[in-house]
Amino acid sequence: MKTKAALYIRVSTTHQIDKDSLPFQRSELINYAKYALNIDSYEIFEDAGYSGKNTDRPKYQEMMHRIHKGEFSHLLVWKIDRISRNLKDFTKMYEDLRECKVTFVSKNEQFDTSSAMGEAMLKIILVFAELERKLTAERVFSIMLSRAEKGLWNGATVPIGYVWSEKEKFPVICPDEAETVRYIFNQYEKLASTNRVAHLLNEEVIPTKRGGRWTAKTIQNVLRNPFYIGTYRYNVRTQGKRRLKDPSEWVVVENNHPAIIEKEQFDKVANMLDGNYRGSSFSQRSNIHTHIFSRLLTCGKCGSTLNAGLDSSRSDGYRPSRYTCSNSRFVKNVDGCNNYISDIVLLPFVFSYISNYLQLSDKIDRKHSLKDVERMLLKGPALIDIQSIDRTGLEKTYTSLILGYDSAELEHNSSDSVSDLKLQKLMKNKAKFEKALNRLEDLFLFSEEAMSKKDYLFKKRDLIEQLSSLNSEIESYHKESLKSSIQSKSFISDATDLLLFESFQNSKLVFKRSFLASLDRERVQELIQSVIEVIEVKNKKVHSITFSNGITHKFMYKAENKQKIRTREKLHYRSYYDMVMEFLKENGSASRVEIEKLTGMRRTGALALVNELIDEGVLEKRGSSIAIRYFIRI
């Protein structure tokens, strides 16, 4: 390969000066390339006014596209943070450079990965960055344990029967909800079935904490929760919310707060639950088969849970899980419900959606619209049949990712925190200036007293500046309030979790049985259940997803005649994906004739294969007539 360097330059603002300015970086990198690396052939890529939060920058994307095409042997930057301040983005870029055999050089930190020492130093920096993140997490966790031992609230979803008290800084009994909790315990003693109790509450239109429908799982969560007898427990489960930790690690504070249920009734119900199930749901038991979406799925038709079981084996030996509505098994099936769904549909859908959510959290900023958020969430072939996402879920997601709120905080900050004097004063001033702006408009347009256009524009400008300043103060106040919260709001904090989810981003992998069979299903189950609270299934499709932060995304599907049909023939083409992708990586592009020779297909089959890859956004077509060639889409 001819020696040629890509010089990448970035500043956060177009007016940035001193040692981070564009001219300074440019001259330093040109001189370093010429006199330190003896490279006379180079090309400069400049991104002015772009943040290092993510890699969504035009010149950076163009540079990486051309690196993948094999145009450069070196990538030079002034400082390592010119690429990205995001460790995940930088790690991904570095892996891309290694695959393309491109040397990475940072002039300021003196990293040159063409040498063993340079590569080792770079890895050490990345390891220490990861270590610092983990040490911070450990310090926060130690503080949370100390607070829990004192019976202080560490932040979590307040269970039904209680509401948050700003005065007590702890949940207190809500009389109306407490009656619902007592009713649940009393009815379970009579009916001895969580499904029947859920069905009864739904028939009587008794809402859940968030106004939804009851399921066997939500009923069991209430019956098993010792919070109702005044016991505060912390550090009981792993992050995935399924596997119990060793009891020696638990923090248990009895008689910590007012109880709703007597201990005798609680113990009696617990014994009944243990007898009804093949073992306590709180005991550790080894499962022969791990169903990734067990306990997460509810029926969108009748509200029952979906029971997990094994589907029939496929020809290659792969045996997916199948989830079937439990209505007909436990209660009279008055709805004639036969709803079900399989891992064949769920795995690609959920993996793709979570991957898109993670990428969105890195890329989103105030320049993006709700349409942009929806477009980013619906990327990938597994989501191609979805027409739209409900606006409420999109708005809450946008607010959550921009300001850092979760759903509970959105509700909490709209009511309880109004009592905060500082915020109340800011909101009052904001309302005053908004009212003044409206009155100014009326005065200029409708009043008989003359006001010159010049005076009107100057006064309007001053009011808008005041409003902008107040909005900034309010936003800063909210952010500082959230920073002071001990509880972490991130979905995924463990680096191994992040790496596993990154593997889901390869859209064609989730359709390969070999990939599915290689997964540690228990690990994946814990990850999925740490991110998602409930998945609602309707007409054998995912109808909605409720995340662990309380935000729900509901999906509207395209009309059936406009949905993509996944025939056996199209699924057969997936066996050729790796072969075609390897050929394109080596040769840059391919014609239809070359793909025919490579796969042994005829003209019709080769065209169907490339069209399928184009539909999924993997390939792009360039040229016309006999000059058509296919390229990997970057």
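Let me begin by describing the structure that accompanies this report. Being a predicted model, the structure only gives us computed values, none of them experimental.

## Considering the overall build of the protein
Move 1: Looking only at helices and strands, one finds 22 helices and 19 strands in the protein.
Move 2: With 634 residues in all, the protein has 42% of them scored as buried.
Move 3: Considering only contacts within the protein whose residues lie at least 6 apart along the sequence, 63% involve residues at least 24 apart.
Move 4: Summed over its atoms, the accessible surface of the protein is roughly 34200 Å², and 51% of this surface lies on carbon and sulfur atoms.

## With respect to the sheet that holds strand β17 (residues 552-557)
Move 1: The strand order across the open sheet built from 5 strands is β10-β15-β16-β17-β14, with neighbouring strands paired in mixed fashion. Because the sheet does not close on itself, it has two edges, and the strands there are β10 (297-299) and β14 (386-389). Direction aside, neighbouring strands of the sheet carry axes that sit 25 degrees apart on average.
Move 2: In the sheet, strand β16 (residues 541-547) pairs with β17 via 3 bridges, with the strands oriented antiparallel. When the bridges of β17 are listed, Ile 545 appears paired with His 553.
Move 3: Against the sheet, helix α18 (residues 521-531) touches β15 (532-538) and β16, its axis set at about 90 degrees to β15.

## Brief notes about helix α10 (residues 343-363)
Move 1: The first and last C-alpha atoms of α10 sit 29 Å apart over 21 residues, in line with the 30 Å expected at 1.5 Å per residue.
Move 2: Burial of α10 is extensive: 17 of the 21 residues sit out of reach of the surface.

## Examining the packing of helix α20 (residues 577-587) against helix α21 (residues 592-599)
Move 1: It is the contact of α20 with α21, at a shortest axis distance of 11 Å, that shows an interaxial angle of 130 degrees. By the angle class used here, α20 and α21 are oblique. For the crossing formed where α20 meets α21, the hand is right-handed. Contacts from Met 579, Val 580 and Phe 583 in α20 reach Glu 594, Leu 598 and Thr 599 in α21.
Move 2: A class-by-class count of the residues in the contact of α20 with α21 yields 4 nonpolar, 1 polar and 1 charged.

## Considerations on the sheet that holds strand β12 (residues 321-325)
Move 1: Pairing in this open sheet of 3 strands is antiparallel, and the strands run β11-β12-β13 from one edge to the other. Looking at the sheet topology across the chains shown, the edges are occupied by β11 (306-310) and β13 (340-342). The sheet shows a mean angle of 20 degrees between the axes of neighbouring strands, direction not considered.
Move 2: Against the sheet, α10 contacts β12 and β13, and its axis sits at roughly 65 degrees relative to β13.

## Considerations on the packing of aromatic side chains
Move 1: Within this structure, the stated rule accounts for 18 aromatic pairs.
Move 2: Consider the rings of Trp 153 and Tyr 232, whose centres lie 6.0 Å apart with planes at 25 degrees: the pair is stacked. You can see Trp 153 sitting in the loop between α4 (116-149) and β6 (162-165) and its partner Tyr 232 sitting in strand β8 (residues 232-234), a full 79 residues away along the chain. For the residue pair Trp 153 and Tyr 232, the accessibility class agrees, reading buried in each case.

## A few points about the packing of α10 against helix α11 (residues 370-377)
Move 1: Closest axis-to-axis distance for the α10/α11 pair is 8 Å, and the angle between their directions is 140 degrees. In terms of their interaxial angle, α10 and α11 are classed as oblique. Seen from α10, the contacting residues are Tyr 353, Asn 356, Tyr 357, Leu 360 and Lys 363; seen from α11, they are Val 373, Met 376 and Leu 377.

## Remarks on the pattern of salt bridges
Move 1: Within the structure shown, the criterion is met by 20 salt bridges.
Move 2: A salt bridge links Glu 395 to Arg 391, with the nearest nitrogen and oxygen atoms 2.9 Å apart. Placement of the pair is Glu 395 and Arg 391 together in helix α12 (residues 391-403), with a separation of 4 residues, close to one helical turn.
Move 3: With a closest N to O distance of 2.6 Å, Arg 622 and Glu 620 form a salt bridge.
Move 4: Judged by relative accessible area, which is 19%, Glu 620 ranks as buried.

## Some remarks on the side chain of Asp 96
Move 1: As for its position among the elements, Asp 96 is in helix α3 (residues 87-99).
Move 2: Of the residues examined, Asp 96 reaches a relative accessible area of 15% and is grouped as buried.
Move 3: Excluding anything up to four places from it in sequence, Asp 96 contacts Met 64 and His 68.

## Digging into the pairing of β16
Move 1: Buried residues dominate β16, accounting for 5 of its 7 residues.
Move 2: The pairing of β15 with β16 spans 6 bridges and is antiparallel. Directly across from Ile 532, in β16, lies its bridge partner Phe 547.
Move 3: Linking two consecutive strands that pair antiparallel, namely β15 and β16, is a turn of 2 residues; a positive phi of about 55 degrees is found at Asn 539 within it.
Move 4: Connecting β16 to the next strand, β17, in antiparallel fashion are 4 residues, including Gly 550 with a positive phi near 95 degrees.

## Digging into the nonpolar core
Move 1: Ranked by internal contacts, the top residues of the largest apolar core, which has 42 residues, are Phe 293 and Ile 528.
Move 2: The leading source of residues in this core is α10, at 10 residues.
Move 3: Ignoring anything within four residues of it in the chain, the contact list for Phe 293 reads Tyr 323, Asp 343, Leu 346, Leu 347, Val 350, Ile 528 and Ile 535.
Move 4: With 31 residues, the next largest nonpolar core counts Val 222, Tyr 228, Ile 260 and Val 269 among its residues.

## Brief notes about helix α2 (residues 58-68)
Move 1: Every buried residue of α2 is listed here: Tyr 60, Met 63, Met 64, Arg 66 and Ile 67. Buried residues of α2, seen end-on, are gathered within an arc of 165 degrees and therefore sit on one face of the element.
Move 2: Directly beyond the C-terminal end of α2, a positive phi value near 85 degrees is found at Gly 70.

## Side note on unusual backbone geometry
Move 1: Even without glycine at this site, Asn 38 takes up a positive phi of about 55 degrees.
Move 2: Turning to its location among the elements, Asn 38 is positioned in the loop between α1 (22-36) and β2 (42-48).
Move 3: A relative accessible area of 64% means that Asn 38 is categorised as exposed.
Move 4: For Arg 295, which is not glycine, the phi dihedral falls at a positive 75 degrees.
Move 5: Counting through the fold element by element, Arg 295 comes out in the loop between α8 (263-276) and β10.

What counts and how
Residues numbered from 1 in each chain as written. Predicted model: local features only at pLDDT ≥ 70, side-chain atom pairs only at ≥ 80, totals over all residues. Heavy atoms only, no water. Helix = DSSP H or I, 4+ residues; strand = E, 2+ residues; numbered from the N terminus. Buried < 20%, exposed > 50% of the residue type's maximum accessible area, 1.4 Å probe, protein only. Contact = heavy atoms within 4.5 Å. Areas by Shrake-Rupley, 256 points an atom, 1.4 Å probe, with all protein chains shown as cover. Pairing = 2+ DSSP bridges. Axes fitted to C-alpha atoms, helices over the stretch in contact; angles between N-to-C directions. Expected span 1.5 Å × (residues − 1). Parallel < 35°, antiparallel > 145°, perpendicular 65-115°, else oblique. Left-handed = near helix turned anticlockwise from the far one by under 90°. Nonpolar A, V, L, I, M, F, W, Y, C, P; charged D, E, K, R; others polar. Phe/Tyr/Trp six-rings, centres within 6.5 Å; stacked < 30°, edge-to-face > 60°. Salt bridge = Lys/Arg side-chain N within 4 Å of Asp/Glu carboxyl O. Core = buried A, V, L, I, M, F, W, Y, C linked by side-chain atoms within 4.5 Å. Arc of directions from axis to C-beta.

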